[in-house]
Amino acid sequence: MTLAADLLDQAAHLAALERGKPKQASLRRAISSAYYSLFHLIVDDASRYLVSGSRLRPAVARSFEHQAVRAAAEALGAVSRKPTGEHWFRPHVNDPLSPDLTFICDAFINLQERRHKADYDTGATFTRVQASGAVSMARNAQLLWPPQRNTHNARAFILASAKLLRAR
């Protein structure tokens, strides 16, 4: 299994742990693991696309930054919402933009926001439904990714995530 698949399994396990009232730690870690499962899926595919040598992949994967992947996801989302508007990312994508790729990018943003809240907002409380929702969102995005990963627009997203395409 891949790290992304293992993290998703772990997230599902933690979201379902403890009958009755689950521990907040379990729910927080479930949300966090759901986000990391999608992050690592994208980064793993991106590093495979960018370098063919397996010895270089870990170094390339380590160079990806969470905020850069988010910025690329936001850019693709902005283009999908304003197809005729000017946006720095517009020249790099082909029409039509896949709703599946847009969902993946929106899920990444949403899961990252949930992870930040789960990891850093000690005053917040979470429910099993919220944790399970994060797991479902990550699972759906992971299921949609394989048919998208080799498309031109997914490659543009990957290159923007690696900061190889950016606003100038």
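Q: Would you mind showing me how to read the overall build of the chain here?
A: Of the regular secondary structure elements, the chain holds seven helices and zero strands. Secondary structure elements in the chain, listed N-terminal to C-terminal, are α-α-α-α-α-α-α. Its C-alpha atoms give the chain a radius of gyration of 16 Å, near enough to 15 Å, the size a compact globule of 168 residues would have. Projecting the C-alpha coordinates of the chain onto the three principal axes gives extents of approximately 50 × 40 × 25 Å. Counting every position in the chain, which comprises 168 residues, the buried fraction comes to 43%.

Q: Before we go on, may I ask you to explain the packing of helix H1 (residues 3-16) against helix H2 (residues 24-50) in this structure?
A: Describing two packed helices takes the angle between their axes plus the distance from one axis to the other. Close contact between H1 and H2 brings their axes to 8 Å; oriented N to C, the two are set at 160 degrees. What the angle tells us is that H1 and H2 run roughly antiparallel. For H1 against H2, the interelement crossing comes out left-handed. From H1, Leu-3, Ala-4, Leu-7, Leu-8, Gln-10, Ala-11, Leu-14 and Ala-15 reach across to H2, where they touch Ser-26, Leu-27, Arg-29, Ala-30, Ser-33, Ala-34, Tyr-36, Ser-37, His-40 and Leu-41.

Q: Just checking my understanding: could you explain the packing of aromatic side chains for this structure?
A: Each aromatic ring pair is specified by the distance between its two centres and by the angle formed by the two planes. In total, this model carries six aromatic pairs according to the counting rule given. Aromatic side chains Tyr-35 and Phe-108 sit 5.3 Å apart centroid to centroid with 55 degrees between the ring planes, which places their arrangement in the tilted category. Taken together, the positions of Tyr-35 in helix H2 and Phe-108 in helix H5 (residues 99-120) put the pair 73 residues apart, joining distant regions of the chain. The exposure class assigned to Phe-108 is buried, which follows from its relative accessible area of 0%. Ring geometry for Trp-88 versus Phe-89: centroids 5.1 Å apart, planes at 55 degrees, classification tilted. You can call Phe-89 buried: its relative accessible area is 0%. Connected via pairs of aromatic rings, a cluster forms that spans Tyr-35, Tyr-36, Phe-39 and Phe-108.

Q: Help me understand unusual backbone geometry, please; the structure alone is not making it clear to me.
A: Excluding glycine, residues mostly have negative phi values, and the peptide bonds linking residues are mostly trans. The linkage connecting Asp-95 with the following residue, Pro-96, adopts the cis geometry, with an omega of -5 degrees. Note that Pro-96 resides in the loop between helix H4 (66-81) and H5. Of note, the phi angle at Glu-18 is positive, near 60 degrees, even though the residue is not glycine. Tracing the chain through its elements places Glu-18 in the loop between H1 and H2. Classification of Glu-18 as partly exposed rests on a relative accessible area of 24%. The phi dihedral of Lys-163 falls on the positive side, at around 65 degrees, and the residue is not glycine. With respect to the secondary-structure elements, Lys-163 resides in the segment after helix H7 (152-161).

Thresholds applied
Residues numbered from 1 in each chain as written. Predicted model: local features only at pLDDT ≥ 70, side-chain atom pairs only at ≥ 80, totals over all residues. Heavy atoms only, no water. Helix = DSSP H or I, 4+ residues; strand = E, 2+ residues; numbered from the N terminus. Rg over C-alpha atoms; globule rule 2.2 N^0.38 Å. Buried < 20%, exposed > 50% of the residue type's maximum accessible area, 1.4 Å probe, protein only. Axes fitted to C-alpha atoms, helices over the stretch in contact; angles between N-to-C directions. Parallel < 35°, antiparallel > 145°, perpendicular 65-115°, else oblique. Left-handed = near helix turned anticlockwise from the far one by under 90°. Contact = heavy atoms within 4.5 Å. Phe/Tyr/Trp six-rings, centres within 6.5 Å; stacked < 30°, edge-to-face > 60°.

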